[in-house]
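# An overview of the molecular structure
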Amino acid sequence: MAEYNHSEIEKRWQKHWRETAAFRTPPAGESGEAERFYCLEMLPYPSGRIHIGHVRNYSIGDAVARNRRMRGYEVMHPIGWDALGLPAENAAIEQQTHPAEWTRKNIDAMRAQLQRLGFSYDWDREIASYQPEYYGWNQWFFLRFLENDLAYRKDGPVNWCPSCATVLANEQVEEGRCWRCDSEVEERRLAQWFYRITRYAEELLDGLDGLTEWPERVIAMQRNWIGRSRGTEIAFAIDGPEEAAPSDGQLRIFTTRVDTIFGATFMVVAPEHPFVRELLDGGELGADASMDIEELRAEVERLAAMPRRARRGEDIDKHGVFTGSYAINPFNGERLPIWVANFVLMDYGTGAIMAVPAHDERDHTFATKYDLPVRPVISLATEDPEPDGGDLPDLPFSEEGHLLSNCGEFSGLGTADARATMTAHAKTLGFGHGAIDYKLKDWGLSRQRYWGTPIPIIHCPACGVVPVPDEDLPVVLPADAPLDRGQGSPLERVESFVNVDCPRCGVAARRETDTMDTFVDSSWYYLRYLSPNDATVPFSKIEGDAWSPVDLYIGGVEHAVLHLLYFRFFCRALRDLGLLSVDEPTRGLLTQGMVTKDGAKMSKSKGNTVDPDEMVERYGADTTRLFVLFAAPPVRDLEWDERGVEGCARFLGRVWKLIEGEASSLPPVEAGFGDAGPSLPEPLAQLHRKVHETVRRVTRDVEERLQFNTAIAALMELTNACNTARQAVSIVEAGEHSWVYRLAFERLAVMLSVFAPHIAQELWTTLGHSEDLTRYPWPEYDPSVLQSDEATMIVQVDGRLRGRLVVPTDLADEQRLTEMAMADPVIRAHVEGRQLRRSIVVPGKILNLVTSP
RNA sequence: GCGAAAGUGGCGGAAUUGGCAGACGCGCUGGCCUUAGGAGCCAGUGGGCUUAGCCCGUGGGGGUUCGAGUCCCCCCUUUCGCACCA
């Protein structure tokens, strides 16, 4: 018997698959009416080496892809590289190389690693986003978005580091200082490009309901992120000094609780609110102001400077200052002081609120601190609401209830009713209307980085912002940009790139030097796999429609919001551009858990990483893949324990020994399988049943439940069952019945091939087959085999297990069964002295004798 | 605070969705084989007891049911995401 030499076997079959183009997927146009299955794994960032998390991700995807091929689907299973981004730029600076060079090297190394693992990718469709042939289409989409008002340029506040002369992302500002050079970060207004994802806010939210094959968790996170709240917008007239009144003399607020408006006792605006600037520019404060205008200016600046950063649990202190102006509550004509405070945010709602301290916790805290009046207008709901009746709840009270008698014509209404009625009232009288607000903001694209997609725009002194004409795409990233840290966007200093003639009027103009967020690349890559070499379109519509939506998308849960939201947005935008005919990019989503070691996420800094190469070297790709799937169900975190690998290695060793060692005793392939008649000796009949049961379990686990750990456990059981049967009736002894062994071995090899494809294929050959398992039909099981005519029923007395009964499977006669059970002395002893009241019969399974004393 | 999960042997994890709790694997114990074993094979392995059997046992407490890891109510713990969102 040959030794199990994994590295020789794996190399040989990988070569075979490559040479026979086993995993090539023909274009949809060529494959006609075939059933299609698109199995997609999140494309890796080429950071240098594959890590265990990748192995897990791709082993899951490969098991699914291989299973679907065997099921007769035309399977799309591609891979590529998310190759633009900051790490490459930083590494290039450190190592005095070029990001393209660094990236290419990493891709080559990682591709080799993936190939050693034997994943069934169609390598002819490989893409890399750093190639102009790829990112040029990012630019093409940008221009289409621009034409459709889905892309726009807007001035906005950004974090600016004066020493580095660059914009910093919010995450790069620590305690108001630059993470790199520690200088104080300034706020600047800078023109940035945005994608108008908010146009799809409603659709993206409603679409979540249709994503029935997505994890609840991801749905919840997206819902949360989009953050829809329905409420009312109300305009309060400003009552202040003439000069200070803003343009329209109105202060507009958004509230979800217009029913509490009679309890409003003051107003609060964000420090950045236009009203504040106009007030300060107006030069005069109201008569009641507690300070002069310069003092107020200083206070407002202080409030605005309070950083809005991540907080843990406790609220930050609320600070505010009275402006000296008032606003009129349109519902009761009351004059309310207008404050400026740090807890009101300019980028949500209208940047101004009515404060109802009796019914809002934040307003209550603020009112208490500054000694502002608190007036309850809502009390607990009762069946027969009586304004003023009953005890008032503790304040602040923000639950539902009914309105007290101090709410004019609305007194006595339930809060939900009141909101509808009062919103309608506001609309009729023209000072308000129903409104929906989202937390979702438009997608800021601009990055002051080199290693990204150049934004295809030219700034002309005469024409303004001019899009690069389609025929000039792609705008190629210049290879010779000066890369060094902290000097701003490198592209600004590449004269040959920046200086360009305006495509519209021909005068000297300047190129946009910002590049795109790399999330753009990953928002549509799954479509590029379908037409990877097409120079005329980003993807063919025929292919796009044939393969969309992706049937199963597999990746880490860390992308639950940003990537997966952009991904969904792009799909809808492409649909509206007429490029695609679906609403959602994927049907199924599997978010795999993290791989941890010593209880912590694997990371280079913690030094707890595991290099898959070592494991492949030592145990082989098959064992490595089998183990990452066996150790835990895909959605759970996986705690890495090297010792478990031994178990999987032993299992494959046992399978090898079983099939390789016994193949010569089996009947030939041509002899086929016999019929399992009554003459089949019991140990073989048992094995025969086990084979069918295993097919049933593995099929369900792989195709429906995506639970590969239990599928592999079932294959282990089948292997054990083969050995058990062998002890009773060896293959030679089985004689004419030895086809049962052939059946068991073949089914084992065929099903194993989706997890451990190399050894399975090798054993398949040993079993006398010449065909490739890649498209060999997935086995079916025969339910009738699982029906044994004898069953072991368990017998309970009052729900407790007391004995067993071997009976014909379909025997359901209560009387008869009870009599049989009572023949058992143990059971009789438990029923003795008690009255048998009734029996519960689950045919073939359970007899429960219920007694009373 | 809001939202989503999860809690089962020494460990990773099973349990056909209300029907034998602990499949499968790791680890551990004993045995066989071997010059040797960090190889292989066999057996055992939730806790306890007065051991043909019995009692206890799925985070805790109640409940529904002939029967609950599974369903309902309350509570505890852990993980993740969001968080001054008006």
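See the structure above.
Residues numbered from 1 in each chain as written. Chains lettered and ligands numbered in written order. Predicted model: local features only at pLDDT ≥ 70, side-chain atom pairs only at ≥ 80, totals over all residues. Heavy atoms only, no water.

## Concerning the overall build of chain A
Scanning chain A from N- to C-terminus turns up 27 helices and 34 strands. Here the C-alpha coordinates of chain A stretch approximately 110 × 85 × 50 Å along the principal axes. Counting across all 853 residues of chain A, residues that qualify as buried make up 53%. Within chain A, residue pairs in contact and separated by at least 24 positions form 72% of the contacts whose partners lie at least 6 positions apart. (Helix = DSSP H or I, 4+ residues; strand = E, 2+ residues; numbered from the N terminus. Buried < 20%, exposed > 50% of the residue type's maximum accessible area, 1.4 Å probe, protein only. Contact = heavy atoms within 4.5 Å.)

## Regarding the pattern of salt bridges
Under the defined criterion, the tally for this structure stands at 52 salt bridges. For the salt bridge of Glu8 with Arg12, the shortest nitrogen-to-oxygen distance reads 2.7 Å. Residue Glu8 and its partner Arg12 are both found in helix 1 (residues 6-19); the two are separated by four residues, about one turn of the helix. Assessed through its relative accessible area of 36%, Glu8 is described here as partly exposed. For Lys15, the salt bridge is made with Glu19, and the minimal N-O distance between the two is 3.4 Å. Taken together, the positions of Lys15 and Glu19, both in helix 1 and four residues apart, correspond to about one turn of that helix. Among the residues examined, Glu19 registers a relative accessible area of 57% and is labelled exposed. Through salt bridges with shared partners, a single network forms among Glu203, Arg568, Arg572, Arg575, Asp576, Asp583 and Glu584. (Salt bridge = Lys/Arg side-chain N within 4 Å of Asp/Glu carboxyl O.)

## Some points on the side chain of Thr103
Within the secondary structure, Thr103 sits in helix 5 (residues 99-116). Judged by relative accessible area, Thr103 falls into the buried class, the value being 0%. Dropping the residues within four chain positions of it, Thr103 is found in contact with Pro46, Ala83, Ala88, Tyr130 and Trp451.

## Quick word on unusual backbone geometry
The amide bond that connects Leu473 to the next residue, Pro474, takes the cis arrangement and shows omega of -5°. Looking at where Pro474 falls in the secondary structure, it is placed in the loop between strand 22 (464-467) and helix 13 (495-498). The omega angle of the peptide bond from Ser548 to Pro549 is -10°, so this bond is cis rather than trans. Summarising the element assignment, Pro549 is placed in the loop between helix 15 (541-547) and strand 26 (550-556). Of note in this structure, Ala21 is not a glycine but carries a positive phi near 50°. Tracing the backbone shows Ala21 in the loop between helix 1 and helix 2 (28-31). Note on Ala21: relative accessible area 41%, which makes it partly exposed. Notably, Asp149 is not glycine yet its phi reads approximately 60°, a positive angle. With respect to the secondary-structure elements, Asp149 resides in the loop between helix 6 (132-147) and strand 5 (151-161).

## Focus: the packing of helix 8 (residues 216-226) against helix 16 (residues 562-576)
Viewed as axis vectors pointing N to C, helix 8 and helix 16 meet at an angle of 75°, and their least axial separation amounts to 10 Å. Of the possible angle classes, the one that applies to helix 8 and helix 16 is roughly perpendicular. Between helix 8, through Val218, Gln222, Trp225 and Ile226, and helix 16, the contact on the second element is made entirely by Leu562, Leu564, Leu565 and Arg568. Of the residues belonging to the contact of helix 8 with helix 16, the class tally is six nonpolar, one polar and one charged. (Axes fitted to C-alpha atoms, helices over the stretch in contact; angles between N-to-C directions. Parallel < 35°, antiparallel > 145°, perpendicular 65-115°, else oblique. Nonpolar A, V, L, I, M, F, W, Y, C, P; charged D, E, K, R; others polar.)

## Quick word on the pairing of strand 15 (residues 352-355)
Across the two faces of strand 15 the burial is the same, with Ala352 and Met354 and Ile353 and Ala355 all buried. Pairing analysis gives four bridges linking strand 12 (residues 266-269) to strand 15, with the strands arranged antiparallel. Residue pairing for strand 15: Val269 is matched across the bridge by Ala352. (Pairing = 2+ DSSP bridges.)

## Brief notes about the sheet that holds strand 32 (residues 800-808)
Pairing between sheet strands relies on hydrogen bonds along the backbone, with the strands arranged either parallel or antiparallel. An order of 32-31-34-33 is seen for the four strands of this open sheet, with the pairing classed as mixed. Each edge of the open sheet carries a strand with a single partner, namely strand 32 and strand 33 (835-842). Strand after strand, the sheet turns through a mean of 20° between neighbouring axes, direction not considered. As defined by bridge partners, strand 31 (residues 790-797) adjoins strand 34 (residues 846-852) across four bridges and the pair is classed as parallel. The residue bridging Ile794 from the neighbouring strand is Ile846, located in strand 34.

## Remarks on the sheet that holds strand 1 (residues 36-41)
Taken together, the four strands give an open sheet; going across it, the order is 2-1-26-27, and neighbouring strands pair in parallel fashion. Each of the sheet's edge strands pairs with one partner strand only, and the pair in question is strand 2 (74-76) and strand 27 (586-592). On average, each strand axis in the sheet is inclined to that of its neighbour by 20°, with strand direction left out of account. Where strand 1 meets strand 26, three bridges bridge the pair, whose relative direction is parallel. Looking across to strand 26, one finds that Glu41 is bridged to Ile554. Most of the contacts of helix 3 (residues 52-70) go to strand 1, to which it runs at about 175°, and overall it touches strand 1, strand 2, strand 26 and strand 27.

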